[in-house]
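Listed here are the chains, written in short residue letters.
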Amino acid sequence: MRLRSVTNAAFPWRIMLFAAVLALAPLCATAVELELDRVLVDLGRFEFGKPYGELLPTLPIDVHSESVQRASTDHYLLWVDFDEVRQTKFGPFDYFIYVRDKSMAGSAVTQFKVMGTPVGSFDDQITGVVFRVGNQGRLETGTISLPIFGSAVRDSLIGPSWKEPIEVFLASERLIALPLRNDLKAMPLEIRGIRDPLANDQSLWSVKEVKGVGVKAHLAPGADTGESLMLRLQPKVTRAVESALVQRGKGSRDDLITIWVDYATQGRTGRTLKIEVPVRFVPFPLLLFLVTMGGALLGLLAPLAGKERNQDRLRAAAATVVVALVIEALSMVLVANNSEFRLLGFQLDPFQLLPAALLGVFVGMTGYRSLDAFRDVLVAEFWKRTPPSPPSSTPSPTKTTSPSSGGKPGAANG
Amino acid sequence: MAKHTILVFSYAWILLVPMSLSAWDPVSVAVLSSGDVAILDSAQGILRVSDGTVRKQLIKNFGFLRPVDFTTTPATDGDSFLVSLKMGQNTNDPFTRLSRWNAAGKQTAEWLLGRPGGVLAGVAVDPARQVAYCADGRLGEVYQIDLRGRKPSFISIARIRNAGILGPLVFDPRGQRLLVADVAKGTIFAISLTGKQVDVLLEGGMVVEPQAMVFDADTDRLYIADGTKRRVWVTTTSGRHPEVRTFAGALKDPVGLALARDGKTLWVVDRFDQVLWQFAADGRIIAKIKL
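Procedures and definitions
- Along every chain, residues carry numbers that run from 1 in the direction the sequence is written.
- Starting at A for chains and at 1 for ligands, labels are handed out in the order in which the entities are written.
- Totals for whole chains, interfaces and linings use every residue, but because this is a predicted model, local features are given only for residues with pLDDT of at least 70 and side-chain atom pairs only at 80 or more, for both listing and counting.
- By convention in this description, side-chain values take in all heavy atoms of the structure and omit both hydrogens and water.
- Comment: elements are numbered from the N terminus, with helices defined as DSSP H or I runs of at least four residues and strands as E runs of at least two.
- The buried label goes to any residue with under 20% of its type's maximum accessible area, the exposed label to any with over 50%, and the partly exposed label to all in between, with areas taken from a 1.4 Å probe on protein chains only.
- When checking whether two residues touch, look at their non-hydrogen atoms; a contact exists if any pair is within 4.5 Å.
- The Shrake-Rupley method, run with a 1.4 Å probe, gives the accessible areas here. Residue values count only the displayed protein chains as cover.
- By definition, a salt bridge exists where a carboxyl oxygen of Asp or Glu is found within 4 Å of a side-chain nitrogen of Lys or Arg.
- With axes taken as lines fitted to C-alpha atoms, and helix axes fitted only over the stretch in contact, angles between N-to-C directions fall between 0 and 180 degrees.
- By the definition adopted for this analysis, an angle is roughly parallel if under 35 degrees, roughly antiparallel if over 145, roughly perpendicular if from 65 to 115, and oblique otherwise.
- By convention the crossing between two helices is left-handed if the near helix lies anticlockwise of the far one by an angle smaller than a right angle, and right-handed if it lies clockwise.
- Only Asp, Glu, Lys and Arg are considered charged, only Ala, Val, Leu, Ile, Met, Phe, Trp, Tyr, Cys and Pro nonpolar, and every remaining residue, Gly among them, polar.
- Aromatic contacts are taken between Phe, Tyr and Trp rings whose centres are within 6.5 Å, Trp giving its six-membered ring; a plane angle under 30 degrees counts as stacked, one over 60 as edge-to-face, and the others as tilted.
- Comment: the charge-over-ring label is applied if NZ (Lys) or CZ (Arg) is within 6 Å of the ring centre and within 35 degrees of the ring normal.
- Strands are treated as partners if at least two bridges between them are detected by DSSP.
- Nonpolar cores were defined as sets of buried Ala, Val, Leu, Ile, Met, Phe, Trp, Tyr and Cys residues, with membership established by side-chain atoms within 4.5 Å.

S.K.: What is the right way to look at the overall build of chain B in this model?
M.R.: Looking only at helices and strands, chain B has one helix and 24 strands in total. Among the 291 residues that make up chain B, the fraction classed as buried is 58%. Across chain B, the fraction of contacts at a sequence separation of at least 24, relative to all contacts at a separation of at least 6, is 35%. Surface exposure of chain B reaches about 12300 Å², of which carbon and sulfur atoms provide 51%.

Printed below as a string of structure tokens:
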């Protein structure tokens, strides 16, 4: 098979000859030979193909760069730039390894391109790879650090998740830590960027931003960002109060903030981690008490309408307000300790404005009997997790009386 | 736990537009019926280039799947695209598939390979019979799929023993055969579609890493982009001793080749430099378009 190089026919013949020589030069076999051994890992191996070398006049990489690894033998120096390692479109990985003969003068190096192919699934990792380098069959052995890659890639950057919404006060800023962790045990990763947080309801927020980690931040194997990455939220008070009054979104959250973190590991193209932060607006306790008190006074209007004297009204108001506040405080404490608060069969959250107001109204409607009502509340089913069991259908063996005799009709059934 | 090494800045990098976030990562190129050029980019989908400028994003992205290769077929409402896809960066992929997209950017069909351990690589099409061919980069097989069938599925038509990684694939209509390259070994195979016989067209060694191929049936010229030797080879497929020529040009990582309809212009997309080259048939550089 003959080899010919093609140049523009308009060029003079000497230039054509020179170009032909240049075209052929990279094809000349280099004097240096290089071999890389396969790497055996748990559940797989990484195979290196035959390196293809060509002579370069100078080393094209910066040997002082953090991404450059170096190795040496008695007569040879080797370099590899991790930033040059990348996956080809059909799956294998390309490496460029530069070799210089110490005994040769000048700055010429041999650039070897090697293709690596994974067999089996294992985590990407940086490991020592045994190589042999030499000339005319006299090979020297050494080890150089190289990244190797598994067949199956997994999410290597792990972010936080929350089972319960994060509470955000209605009128103040909240900082939420977003710890990110590199789940790979032997490969660093690079956080390339963090996109602007996106809320389901943008109108709820005056400020939402991520602070702390910038471009090209590196995470060592197994490392995490701790609390250096923070989500800063500042709600718009009016919109937040509206949201707190009317339940928004799914479950008990008022909004969902989504953050995308773009990252990459050595040799791989980028991936994205999605972090979802559920938030719920929480009024200050003082505001809740004020709302409860207001609800109590509102509810009190009904039983007092035009019937009692002022003194009775004041007494009823005082009792109502005190009882409402105590019930609200008690319900807050108990719900915070994993109890439920139910009113007329509905589960209510005493930390929300509307339920606090409803509680106040309910207590207020009992008027000056609120103290009695308070005692009833203490023994009622408000604090129980399960609703009260229905009355038994089996009649208990008691004496029966006819309706005409005036006996109590309910006693027969207990 | 190892201490983290974080470079702390006052504010994070704000990135609002997905396209601005992703750099170019071209993997293939094709010529459209209109004469314009389409570039397959793993981050940005399929984009149309005309008059030296990237004009329009025809297909925005492929979701969680990554494109490997593509080809075009003429259709009544414009060209349609056949794209081989795989999930993420896995080389063993149960979700690898061939999908078809129309000129409006809508997906019109998709076919999962459904074979354990297989992953689709190069794709070619016989436009007359509406049959697509795909190389399997892991199993060393070549499949055909009848695009007009009622329930099209992949049928293996050839298996190449001791193959490394099968990659680019081209269809030779006159010879009724497929030409497929082994990316790992540099070998070019010819698969007869009539007898299903597999022959070695070009032994590995001279071509080291064939990442793309395009075939000119009128002149019997096969163009091969070599990623390791950073050049484009040209060879004829007939005769006992095919000759090889090389193209000049500052190629770093040629991954895609496309030939104009008249056969006089060769397009080469370079992944490393993110450049689209336009060459004349004699190797002269006509244009260099920065992506």
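S.K.: I tried to follow the overall build of chain A on my own but got confused; where do I start?
M.R.: When helices and strands are counted, chain A shows six helices and 25 strands. Per-residue burial for chain A yields a buried fraction of 44% across its 414 residues. Here the analysis covers contacts within chain A between residues at least 6 apart in sequence; of these, 68% occur between residues at least 24 apart. For chain A, the computed accessible surface area is about 21600 Å², with 58% contributed by carbon and sulfur atoms.

S.K.: How should the pattern of salt bridges be read in this particular structure?
M.R.: Between side chains of opposite charge, a pair can form as their charged atoms come close. All names here are of chain A. In this structure the tally under the stated criterion is 30 salt bridges over all chains. Residues Asp37 and Arg132 are paired through a salt bridge, measuring 2.5 Å at the closest nitrogen-oxygen approach. With a gap of 95 residues between them, Asp37 in the loop between strand E2 (32–36) and strand E3 (39–41) and Arg132 in strand E11 (residues 125–135) connect regions that are remote in the sequence. Here the salt bridges share partners, and the residues they tie into one network are Asp123, Arg154, Arg181 and Asp183.

S.K.: In this structure, what is going on with the packing of helix H4 (residues 310–336) of chain A against helix H5 (residues 353–365) of chain A? I would like to understand it.
M.R.: Helix packing geometry: the angle between the two helix axes and the distance between the axes. All names here are of chain A. Orientation of H4 relative to H5, taken along the N-to-C sense of each, is 140°, at an axis distance of 9 Å. With respect to each other, H4 and H5 are oriented oblique. As H4 runs across H5, the sense of the crossing is right-handed. In contact with Thr320, Val323, Ala324, Ile327, Glu328 and Ser331 of H4, H5 contributes Ala356, Leu359, Gly360, Val363 and Gly364. Partitioning the contact of H4 with H5 into residue classes produces six nonpolar, four polar and one charged.

S.K.: What am I meant to see in the packing of aromatic side chains here?
M.R.: Where two aromatic rings form a pair, the distance of their centres and the angle of their planes describe that pair. Enumeration over the complete set of coordinates arrives at twelve aromatic pairs over all chains. Both rings, one in Phe46 of chain A and one in Phe48 of chain A, keep their centres 5.2 Å apart while their planes meet at 70°; by these two values the pair is edge-to-face. Here Phe46 of chain A and Phe48 of chain A have matching classes, each one buried. Ring geometry for Phe93 of chain A versus Phe149 of chain A: centroids 4.0 Å apart, planes at 10°, classification stacked. Of the two residues, Phe93 of chain A is situated in strand E9 (residues 93–101) and Phe149 of chain A in the loop between strand E12 (138–148) and strand E13 (157–158); the sequence distance between them amounts to 56 residues. Each member of the pair, Phe93 of chain A as well as Phe149 of chain A, carries the same accessibility label: buried. For Arg231 of chain B, the ring lying beneath its charged end belongs to Trp233 of chain B, and the centroid distance is 5.7 Å.

S.K.: Which parts of the structure should I look at to understand the sheet that holds E12 of chain A?
M.R.: The strands that make up a sheet pair up through hydrogen bonds in the backbone, lying either parallel or antiparallel. Residues and elements named next belong to chain A. Taken in spatial order, the three strands make up an open sheet running E2-E11-E12, and their pairing is antiparallel. Since the sheet does not close on itself, it has two edges, and those belong to E2 and E12, each with one partner. This sheet shows a mean twist of 30° between the axes of neighbouring strands, independent of strand direction.

S.K.: Explain the pairing of strand E17 (residues 210–216) of chain B to me, please; I cannot follow it from the model alone.
M.R.: All names here are of chain B. The buried fraction of E17 amounts to seven of the seven residues, a majority that puts the element mostly inside the structure. As paired strands, E17 and strand E18 (residues 221–226) are joined by six bridges and run antiparallel to one another. Bridge pairing in E18 links Pro210 to Asp226. Turn length for the E17-E18 hairpin, with the two strands adjacent in sequence and antiparallel, is four residues, and the turn residue Asp220 shows positive phi of about 55°.

S.K.: What am I meant to see in the sheet that holds strand E7 (residues 97–101) of chain B here?
M.R.: All names here are of chain B. As summarised here, the arrangement of the four strands in space is E5-E6-E7-E8, forming an open sheet in which the pairing is antiparallel. Pairing within the sheet leaves two strands with one partner each, and these edge strands are strand E5 (65–73) and strand E8 (107–112). Neighbour to neighbour, the strand axes of the sheet diverge by 20° on average, direction disregarded. Inspection of the sheet shows E5 paired to strand E6 (residues 80–87) by eight bridges, in the antiparallel sense. Pairing of Asp69 across the sheet is with Ser84, part of E6.

S.K.: Before we go on, may I ask you to explain the nonpolar core in this structure?
M.R.: All names here are of chain A. In this structure, Trp205, Leu231, Ile259, Val261 and Val277 are the most contacted members of the largest nonpolar core, which totals 37 residues. Looking at this core, the element that brings in the most residues is strand E23 (residues 271–282), giving five residues. Filtering out sequence-adjacent residues up to four positions away, Val261 remains in contact with Leu157, Leu180, Ile191, Gly193, Ile194, Arg271, Thr272, Leu273 and Ile275.

S.K.: Looking at this model, I keep getting lost on the environment of Gln352 of chain A. Mind explaining?
M.R.: Residues and elements named next belong to chain A. Here Gln352 shows up in the loop between strand E25 (346–347) and H5. A C-alpha to C-alpha distance of 6.4 Å links Gln352 and Val282, two positions 70 residues apart in sequence. Not counting chain neighbours up to four residues away, the residues in contact with Gln352 comprise Ala244, Arg280, Phe281 and Leu288.

S.K.: Just checking my understanding: could you explain the pairing of strand E3 (residues 45–50) of chain B for this structure?
M.R.: Every regular strand shows the same layout, with side chains that alternate between the two sheet faces. All names here are of chain B. Along E3, five of the six residues are buried, which leaves the element largely enclosed by surrounding structure. Strand direction decides the pairing type here: strand E2 (residues 37–41) and E3, joined by five bridges, are antiparallel. The residue of E3 that forms the bridge with Val37 is Val49. Remark: three residues form the turn of the hairpin made by E2 and E3, two consecutive strands paired antiparallel. For E3 and strand E4 (residues 53–59), the ladder comprises five bridges, and the chain directions are antiparallel. Among the inter-strand pairings, Val49 is bridged to a residue of E4, identified as Val54. In sequence, E3 turns back onto E4 through a hairpin of two residues, with Asp51 there showing a positive phi of about 50°.

Read these as layout, nothing more, since geometry by itself doesn't imply function.
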